[in-house]
Amino acid sequence: MLPRPKDVTKQNWQLARTIQKIRQERQITQEELAERLNVSQSWLARVETGRETPNLKRLQQIARALGVKVKELIPY
């Protein structure tokens, strides 16, 4: 696992890693997930590196697209 960048909070990093892990387990590419979410692949890449924090609506969309509940994404 990559080390957390100093400018990324622990919570954002955990959320990012969780989204990426579930996406990879389901064998979905960033491009495919971005298309399902109607967002750019670069936005999703920023989410998966902790540099962008999705709002609640977007978290719900991500969870739905990955087939999980929002609480499974949130590292609290």
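For the structure, check the block above.
Quick caveat: nothing in here was measured; it's all calculated off a predicted structure. (Residues numbered from 1 in each chain as written. Predicted model: local features only at pLDDT ≥ 70, side-chain atom pairs only at ≥ 80, totals over all residues. Heavy atoms only, no water.)

(A) The overall build of the protein, seen in detail. A tally of regular secondary structure across the protein gives 5 helices and 0 strands. Compactness check: the protein gives a C-alpha radius of gyration of 11 Å against a globular reference of 11 Å for 76 residues, within 12% of the reference. The burial tally for the protein puts 38% of its 76 residues in the buried class. The contacts of the protein with a sequence gap of at least 6 include a subset with a gap of at least 24, amounting to 54%. With an accessible surface of roughly 5,100 Å², the protein has 47% of that area assigned to carbon and sulfur atoms. Averaging the coordinates of the 15 positive side-chain charges in the protein and doing the same for the 8 negative ones gives two points 7 Å apart. (Helix = DSSP H or I, 4+ residues; strand = E, 2+ residues; numbered from the N terminus. Rg over C-alpha atoms; globule rule 2.2 N^0.38 Å. Buried < 20%, exposed > 50% of the residue type's maximum accessible area, 1.4 Å probe, protein only. Contact = heavy atoms within 4.5 Å. Areas by Shrake-Rupley, 256 points an atom, 1.4 Å probe, with all protein chains shown as cover. Lys, Arg positive; Asp, Glu negative; His and termini not counted. Charge placed at Lys NZ, Arg CZ, Asp CG, Glu CD.)

(B) Representation of helix 2 (residues 30-37) within the structure. Buried within helix 2 we find Gln30, Leu33, Ala34 and Leu37. Each buried residue of helix 2 sits inside an arc of 100° when the element is viewed along its axis, so together they form one side. Of the exposed residues in helix 2, those oriented more than 90 degrees away from the buried face are Glu31, Glu35 and Arg36. Lining the buried residues of helix 2 we find helix 1 (10-25), helix 3 (41-48) and helix 4 (56-66). In the segment just after helix 2, asparagine 38 is the residue with positive phi, at about 60°. (Arc of directions from axis to C-beta.)

(C) Representation of the pattern of salt bridges in the model. Inspection of every chain in the model, using the stated rule, returns 4 salt bridges. Across the salt bridge formed by aspartate 7 and arginine 51, the nearest N and O atoms sit 2.6 Å from each other. With a gap of 44 residues between them, aspartate 7 in the segment before helix 1 and arginine 51 in the loop between helix 3 and helix 4 connect regions that are remote in the sequence. For arginine 51, a relative accessible area of 47% gives the class partly exposed. (Salt bridge = Lys/Arg side-chain N within 4 Å of Asp/Glu carboxyl O.)

(D) The arrangement of the packing of helix 1 against helix 4 in detail. Running from N to C, helix 1 and helix 4 cross one another at 25°; their axes reach a closest spacing of 10 Å. Taken together, the axes of helix 1 and helix 4 are roughly parallel relative to one another. Note that helix 1 runs across helix 4; the crossing there is left-handed. Facing Leu15, Ile19, Ile22 and Arg23 of helix 1, the residues of helix 4 in contact are Leu59, Ile62 and Leu66. (Axes fitted to C-alpha atoms, helices over the stretch in contact; angles between N-to-C directions. Parallel < 35°, antiparallel > 145°, perpendicular 65-115°, else oblique. Left-handed = near helix turned anticlockwise from the far one by under 90°.)

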